[in-house]
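# Observations on the three-dimensional arrangement
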Amino acid sequence: LTGGSLADGGVTTLAVAPTGTVFIGGIYASAGGTATEGVSFWASSFGTFGTIGSLTSVQTMALGPNQVLYFGGQGSTLIRSYNRVSVSPLGSGLGAGATNIVNALLIGSAGDLYAAGDFSATGARNLSDSLAYWNGAIWNQADVDLPGNNPIRAMIRTGDGTMVLGGNYSGT
(Lines give C-alpha, C1' and ligand atoms only; values in the text may rest on other atoms or scores of the structure.)
Protein backbone atom coordinates (compact mmCIF):
# COMPACT_ATOMS: atom_id res chain seq x y z
CA LEU A 1 0.00 0.00 0.00
CA THR A 2 1.75 3.09 -1.20
CA GLY A 3 1.17 6.36 0.61
CA GLY A 4 0.20 5.20 4.06
CA SER A 5 1.24 3.21 7.07
CA LEU A 6 -0.05 1.59 10.24
CA ALA A 7 1.31 2.60 13.63
CA ASP A 8 1.51 1.06 17.09
CA GLY A 9 0.79 -2.55 16.21
CA GLY A 10 0.44 -5.01 13.37
CA VAL A 11 -1.82 -6.63 10.78
CA THR A 12 -3.45 -10.01 11.48
CA THR A 13 -6.00 -10.28 8.64
CA LEU A 14 -6.92 -8.83 5.25
CA ALA A 15 -9.98 -8.88 2.98
CA VAL A 16 -10.37 -7.48 -0.53
CA ALA A 17 -13.67 -6.25 -1.95
CA PRO A 18 -14.47 -6.67 -5.67
CA THR A 19 -14.06 -2.88 -5.97
CA GLY A 20 -10.39 -3.24 -4.98
CA THR A 21 -10.82 -1.78 -1.50
CA VAL A 22 -8.47 -3.56 0.93
CA PHE A 23 -9.76 -4.04 4.48
CA ILE A 24 -7.04 -4.31 7.12
CA GLY A 25 -7.54 -5.84 10.56
CA GLY A 26 -5.17 -6.21 13.46
CA ILE A 27 -3.93 -4.57 16.60
CA TYR A 28 -2.98 -0.99 15.84
CA ALA A 29 -3.82 2.56 16.89
CA SER A 30 -3.67 4.52 13.64
CA ALA A 31 -3.82 4.08 9.87
CA GLY A 32 -2.31 6.69 7.59
CA GLY A 33 -1.95 9.06 10.55
CA THR A 34 -5.64 8.82 11.55
CA ALA A 35 -6.58 7.27 14.90
CA THR A 36 -8.55 4.04 14.61
CA GLU A 37 -8.97 0.84 16.59
CA GLY A 38 -8.32 -2.52 14.96
CA VAL A 39 -9.86 -2.20 11.48
CA SER A 40 -9.52 0.23 8.60
CA PHE A 41 -9.51 0.20 4.81
CA TRP A 42 -7.28 1.32 1.97
CA ALA A 43 -9.13 3.01 -0.87
CA SER A 44 -6.73 2.60 -3.79
CA SER A 45 -8.75 4.93 -6.02
CA PHE A 46 -8.10 7.77 -3.54
CA GLY A 47 -4.72 6.56 -2.24
CA THR A 48 -5.83 6.98 1.38
CA PHE A 49 -6.75 5.05 4.49
CA GLY A 50 -10.27 5.18 5.88
CA THR A 51 -11.11 4.26 9.45
CA ILE A 52 -13.71 1.82 10.71
CA GLY A 53 -12.38 0.99 14.19
CA SER A 54 -14.30 -0.44 17.17
CA LEU A 55 -12.58 -3.67 18.26
CA THR A 56 -9.44 -3.82 20.39
CA SER A 57 -7.97 -6.71 18.40
CA VAL A 58 -9.25 -7.88 15.00
CA GLN A 59 -8.25 -11.46 14.22
CA THR A 60 -10.48 -12.34 11.25
CA MET A 61 -12.69 -10.83 8.55
CA ALA A 62 -15.20 -12.09 5.99
CA LEU A 63 -16.87 -10.23 3.16
CA GLY A 64 -20.55 -11.16 3.01
CA PRO A 65 -23.43 -10.62 0.65
CA ASN A 66 -23.92 -7.02 -0.52
CA GLN A 67 -20.27 -6.30 0.38
CA VAL A 68 -20.95 -6.18 4.14
CA LEU A 69 -17.68 -6.64 6.02
CA TYR A 70 -17.81 -8.80 9.15
CA PHE A 71 -14.89 -8.62 11.54
CA GLY A 72 -14.14 -10.44 14.77
CA GLY A 73 -11.56 -10.76 17.49
CA GLN A 74 -11.51 -9.48 21.04
CA GLY A 75 -13.67 -6.63 22.27
CA SER A 76 -17.03 -5.85 23.75
CA THR A 77 -19.12 -7.92 21.31
CA LEU A 78 -16.43 -10.00 19.55
CA ILE A 79 -18.09 -9.57 16.11
CA ARG A 80 -19.32 -6.51 14.25
CA SER A 81 -20.45 -5.64 10.76
CA TYR A 82 -19.63 -2.68 8.53
CA ASN A 83 -22.03 -1.84 5.69
CA ARG A 84 -19.91 0.97 4.19
CA VAL A 85 -21.84 3.51 6.30
CA SER A 86 -21.76 2.35 9.92
CA VAL A 87 -20.47 -0.32 12.29
CA SER A 88 -22.96 -2.48 14.21
CA PRO A 89 -22.71 -5.40 16.65
CA LEU A 90 -24.50 -8.59 15.61
CA GLY A 91 -27.23 -9.15 18.20
CA SER A 92 -26.04 -9.41 21.77
CA GLY A 93 -22.68 -10.74 20.59
CA LEU A 94 -20.70 -13.81 21.58
CA GLY A 95 -19.65 -14.10 25.25
CA ALA A 96 -17.44 -11.02 25.37
CA GLY A 97 -14.60 -10.92 27.86
CA ALA A 98 -10.85 -10.92 28.22
CA THR A 99 -10.48 -14.64 27.47
CA ASN A 100 -13.08 -14.89 24.69
CA ILE A 101 -11.99 -14.50 21.08
CA VAL A 102 -13.23 -15.08 17.55
CA ASN A 103 -10.46 -16.67 15.46
CA ALA A 104 -12.29 -17.37 12.19
CA LEU A 105 -15.29 -16.13 10.22
CA LEU A 106 -16.83 -17.83 7.20
CA ILE A 107 -19.83 -17.18 4.97
CA GLY A 108 -21.69 -20.49 4.66
CA SER A 109 -23.23 -21.85 1.46
CA ALA A 110 -26.68 -20.52 2.53
CA GLY A 111 -25.26 -17.05 3.26
CA ASP A 112 -25.15 -17.45 7.06
CA LEU A 113 -22.11 -16.08 8.90
CA TYR A 114 -20.21 -18.70 10.94
CA ALA A 115 -17.95 -17.68 13.83
CA ALA A 116 -15.39 -19.96 15.46
CA GLY A 117 -12.92 -19.39 18.26
CA ASP A 118 -12.87 -19.60 22.02
CA PHE A 119 -16.23 -18.47 23.45
CA SER A 120 -19.01 -20.25 25.29
CA ALA A 121 -22.19 -18.24 24.83
CA THR A 122 -24.39 -16.48 22.29
CA GLY A 123 -26.05 -13.81 24.36
CA ALA A 124 -27.82 -15.66 27.18
CA ARG A 125 -27.49 -19.13 25.58
CA ASN A 126 -24.55 -21.40 26.41
CA LEU A 127 -22.61 -23.24 23.70
CA SER A 128 -21.04 -26.66 23.98
CA ASP A 129 -18.51 -25.90 21.20
CA SER A 130 -17.08 -22.56 20.12
CA LEU A 131 -18.92 -22.49 16.80
CA ALA A 132 -22.02 -20.41 16.12
CA TYR A 133 -23.83 -18.97 13.12
CA TRP A 134 -25.70 -15.72 12.55
CA ASN A 135 -28.81 -16.12 10.42
CA GLY A 136 -29.38 -12.39 10.02
CA ALA A 137 -31.39 -12.05 13.23
CA ILE A 138 -29.92 -14.20 16.05
CA TRP A 139 -26.88 -16.30 16.94
CA ASN A 140 -27.42 -20.06 16.89
CA GLN A 141 -25.32 -23.00 17.99
CA ALA A 142 -23.88 -24.95 15.06
CA ASP A 143 -24.59 -28.66 15.03
CA VAL A 144 -21.11 -30.08 15.73
CA ASP A 145 -19.68 -32.33 18.41
CA LEU A 146 -15.99 -31.65 18.91
CA PRO A 147 -13.87 -33.62 21.39
CA GLY A 148 -12.92 -31.63 24.49
CA ASN A 149 -13.37 -27.90 24.69
CA ASN A 150 -10.34 -26.57 22.81
CA PRO A 151 -10.78 -23.42 20.72
CA ILE A 152 -11.31 -23.57 16.97
CA ARG A 153 -8.37 -21.82 15.28
CA ALA A 154 -9.30 -21.95 11.57
CA MET A 155 -12.21 -22.68 9.28
CA ILE A 156 -12.67 -23.06 5.50
CA ARG A 157 -15.41 -24.19 3.14
CA THR A 158 -14.51 -26.65 0.39
CA GLY A 159 -15.82 -26.51 -3.17
CA ASP A 160 -18.72 -28.85 -2.34
CA GLY A 161 -19.76 -26.69 0.65
CA THR A 162 -18.26 -28.88 3.39
CA MET A 163 -16.97 -26.90 6.35
CA VAL A 164 -13.55 -27.92 7.67
CA LEU A 165 -12.52 -26.82 11.19
CA GLY A 166 -8.98 -26.66 12.54
CA GLY A 167 -7.74 -26.68 16.12
CA ASN A 168 -5.90 -28.76 18.68
CA TYR A 169 -8.03 -31.91 18.92
CA SER A 170 -7.50 -35.59 19.52
CA GLY A 171 -9.99 -38.35 18.98
CA THR A 172 -12.74 -38.40 16.39
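Anything mentioned here points back to the structure above.
Residues numbered from 1 in each chain as written. Predicted model: local features only at pLDDT ≥ 70, side-chain atom pairs only at ≥ 80, totals over all residues. Heavy atoms only, no water.

In sheet architecture, strand pairing relies on hydrogen bonds along the backbone and comes in two forms, parallel and antiparallel. Strand order in the open sheet formed by four strands is E8-E9-E10-E11, with antiparallel pairing between adjacent strands. The strands lining the two open edges of the sheet, one partner per strand, are strand E8 (57–63) and strand E11 (87–89). Taking each pair of neighbouring strands and ignoring which way they run, the sheet shows an average axis angle of 30°. Across three bridges, the pairing between strand E10 (residues 79–82) and E11 is antiparallel. Along E11, the bridge assignment pairs serine 81 with serine 88. (Pairing = 2+ DSSP bridges. Helix = DSSP H or I, 4+ residues; strand = E, 2+ residues; numbered from the N terminus. Axes fitted to C-alpha atoms, helices over the stretch in contact; angles between N-to-C directions.)

So, on to the pairing of strand E9 (residues 69–74). In terms of burial, E9 is largely enclosed, as five of its six residues are buried. Pairing analysis gives six bridges linking E8 to E9, with the strands arranged antiparallel. Each bridged residue has a counterpart across the sheet, and for alanine 62 the counterpart in E9 is tyrosine 70. Hairpin connection from E8 to E9: five residues lie between these consecutive antiparallel strands, with asparagine 66 at a positive phi of about 60°. (Buried < 20%, exposed > 50% of the residue type's maximum accessible area, 1.4 Å probe, protein only.)

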